[in-house]
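# Summary of structural features
What follows is the residue order along each chain.
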Amino acid sequence: MKIQNRGIYHIYNRGNNQQTIFFSDENYLYFLKKCSHYIKSCSDILAWCLMPNHFHFLINVTEESLKPAKSGGIIMPAITNGFRLLQSSYAKGVNKQLNRSGNLFQQKTKAKLTNEAKDYSITAFHYIHQNPVSAHLANTPEEWSYSSYKDYAGLRNGTLCNKQKAGELLNLNEIDLYNETMRKIETGLLKNIL
């Protein structure tokens, strides 16, 4: 994962060979607890969604996120190290729970800078919340428990996202949130956030 500059990034990864990474409700909650520890501690999480075989985050990378962190003999930004630790510690726990071994996640976590053009960041925000509906796991975004949509819709009081920062950076329209989230995203815009 290559992050060198401040900005808003769409960060995502999936299971190795597209395999399942979340096997139970407890797994989702365990992953979110680790997100709070490893990711929220060094960045602003603007949106997130956990799917059975992948995850998405919209992250505001700050100076704190870019502070050097050392892992073995390698120095990397704190946010990169945070995602490395998140995935490795989660995989160790799940492997132990399921009595399995090997890689759970694909080796390369993707990080796409979205604020290079005006609409990319807000498009990524809505894309992340559309994911469960697009995958036919829910009929509406609020039906899926493992995303930040319920927090933005006022249906849950989650603390993982920095909703105030998201409002400032993305110019969110809370009144039209549902309609904007459900609006079809143009193919050209999708290419720029993935």
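These numbers were taken from a predicted model, which means no experiment stands behind them.

## Topic: the pattern of salt bridges
- Under the counting rule described, the total for this entry stands at four salt bridges.
- Across the pair Glu 64 and Lys 67 runs a salt bridge whose closest N-O atoms are separated by 3.1 Å.
- A relative accessible area of 45% means that Lys 67 is categorised as partly exposed.

## Considerations on the environment of Asn 162
- By secondary structure assignment, the location of Asn 162 is in the loop between helix 5 (149–152) and helix 6 (163–170).
- Judged by relative accessible area, Asn 162 falls into the partly exposed class, the value being 27%.
- Linking Asn 162 and Ile 45, residues 117 residues apart in sequence, is a C-alpha distance of 5.9 Å.
- Residues within four places of Asn 162 in sequence aside, it is in contact with Asp 44, Ile 45, Leu 46 and Tyr 152.
- Within the structure, the side chain of Asn 162 is placed 2.9 Å from the backbone nitrogen of Lys 165, a separation counted as a polar contact.

## Describing the packing of aromatic side chains
- Applying the stated criterion to the full structure yields 16 aromatic pairs.
- Residues Phe 55 and Phe 83 carry aromatic rings whose centres are separated by 6.3 Å and whose planes lie at 15° to one another, so their mutual orientation is stacked. Here Phe 83 lies in helix 3 (residues 78–98) and Phe 55 lies in strand 3 (residues 54–61), a separation of 28 residues in the sequence. Here Phe 55 matches Phe 83 in class, with each residue buried.
- For the pair Tyr 90 and Phe 105, a centre-to-centre distance of 6.1 Å together with 55° between the ring planes defines the contact as tilted. With a gap of 15 residues between them, Tyr 90 in helix 3 and Phe 105 in the loop between helix 3 and strand 6 (110–113) connect regions that are remote in the sequence. Pair check on accessibility: Tyr 90 and Phe 105 agree, each one buried.

Thresholds, definitions, all that
Residues numbered from 1 in each chain as written. Predicted model: local features only at pLDDT ≥ 70, side-chain atom pairs only at ≥ 80, totals over all residues. Heavy atoms only, no water. Salt bridge = Lys/Arg side-chain N within 4 Å of Asp/Glu carboxyl O. Buried < 20%, exposed > 50% of the residue type's maximum accessible area, 1.4 Å probe, protein only. Helix = DSSP H or I, 4+ residues; strand = E, 2+ residues; numbered from the N terminus. Contact = heavy atoms within 4.5 Å. Polar contact = N/O pair within 3.5 Å; in protein donor to acceptor, adjacent residues only side chain to side chain. Phe/Tyr/Trp six-rings, centres within 6.5 Å; stacked < 30°, edge-to-face > 60°.

In short, shape yes, function no, at least from these values alone.
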